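Structural overview
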Amino acid sequence: MSTGLGTLLLADARLPVGGHTYSAGLEPALLDGLPPHRVPEYIAARTRTVGLVEAAAAVLAHRAVGGVTASAVDGTEGVGVDTGALADAHEALLARSPSAPLRDISGLLGRGLVRLADRLWPEHPAVKALRTLGRAPQRPIALGAVAAVMGADEAEVARVSLYDDAQTVASAALKLAPVDPVDAAGWVLGAEGVISATVAEALAVRGTDDLPARTAPQIEGWSLEHQLKTRRIFVA
């Protein structure tokens with residue numbers, strides 16, 4: 001498997017990690033009156049805020065495990081892995097995630113990635129490091145570590161994190177609104193400019209001290225309201 005294809009598979013809706021349960025906040029947004037034609041603006045807003053924070057956290061996780069690929073591991077315990085830096089990145093991300101429901105869904109998705117990695121590379125030091133966090137790792141942290149195992153570089157990690165968020169919104173729209181699939185695909189393609197700019201911002205982050213703390217208060221508020229609804233398609 002080539003690195004590019006492997007990285008893209010991490011953002012594939014068919015990957016068995018639970019992504020089908022998540023709308024990236026679109027369901028509560030539409031229920032609150034967001035018109036479908038404004039979904040591209042919603043994607044751009046997420047990319048610049050929570051998307052940047054998550055992409056940067058994924059890059060920090062990638063660096064913490066040293067970018068050690070599955071083919072490069074020689075059996076030496078902890079090769080290239082800084083478990084302290086991985087834990088610090090995880091805690092820094094949690095501190096920038098004020099919504100408990102969003103932390104929960106991110107943990108669910110992160111747990112799915114770890115479960116997948118456990119099946120494929122159970123003895124890999126980066127996979128073992130994810131298990132030392134003491135709780136379900138947030139999705140960006142697991143994504144960064146697993147992508148490193150697959151051989152992705154930092155830029156690929158940041159891009160796949162942002163692309164996954166955009167395509168999650170677009171895919172959810174097809175289930176929630178009268179949207180033409182061609183339009184939904186166009187929304188993701190149209191986000192290329194803001195995604196590329198945000199990738200550059202994410203790569204410029206050197207450590208947890210300068211991890212961005214941009215928030216999207218409306219999205220967080222919607223997540224709290226959505227948690228109380230008894231009739232919903234997605235958990236968030």
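Because the structure is predicted, anything quoted here is derived from the model rather than measured.

What the chain contains, in helices and strands, is eleven helices and zero strands. For the chain, the sequential pattern of α-helices and β-strands runs α-α-α-α-α-α-α-α-α-α-α. Buried positions account for 50% of the 236 residues belonging to the chain. Within the chain, contacts between residues separated by at least 24 positions form 80% of all contacts whose residues are at least 6 apart in sequence. Counting every atom, the chain has about 10600 Å² of accessible surface; 55% of that belongs to carbon and sulfur.

Looking now at the nonpolar core. It is characteristic of soluble globular proteins that their nonpolar side chains tend to be buried jointly. If you look at the biggest cluster of nonpolar residues, it comprises 75 residues, and the most contacted ones within it are Leu-10, Leu-26, Tyr-42, Leu-86, Leu-130, Ile-141 and Trp-187. If you tally residues by element for this core, the top one is helix H3 (residues 39–64), at 14 residues.

With that out of the way, let us pick up unusual backbone geometry. In this structure, Ala-24 is a non-glycine residue whose phi angle is positive, near 55°. With respect to the helices and strands, Ala-24 occurs in the loop between helix H1 (3–9) and helix H2 (26–31).

In this structure, Ser-106 sits in helix H5 (residues 100–120). Owing to a relative accessible area of 7%, Ser-106 belongs among the buried residues under this scheme. Of note is the side chain of Ser-106, whose polar atom sits 3.3 Å from the side chain of Gln-138.

About the cut-offs
- Residues numbered from 1 in each chain as written.
- Predicted model: local features only at pLDDT ≥ 70, side-chain atom pairs only at ≥ 80, totals over all residues.
- Heavy atoms only, no water.
- Helix = DSSP H or I, 4+ residues; strand = E, 2+ residues; numbered from the N terminus.
- Buried < 20%, exposed > 50% of the residue type's maximum accessible area, 1.4 Å probe, protein only.
- Contact = heavy atoms within 4.5 Å.
- Areas by Shrake-Rupley, 256 points an atom, 1.4 Å probe, with all protein chains shown as cover.
- Core = buried A, V, L, I, M, F, W, Y, C linked by side-chain atoms within 4.5 Å.
- Polar contact = N/O pair within 3.5 Å; in protein donor to acceptor, adjacent residues only side chain to side chain.

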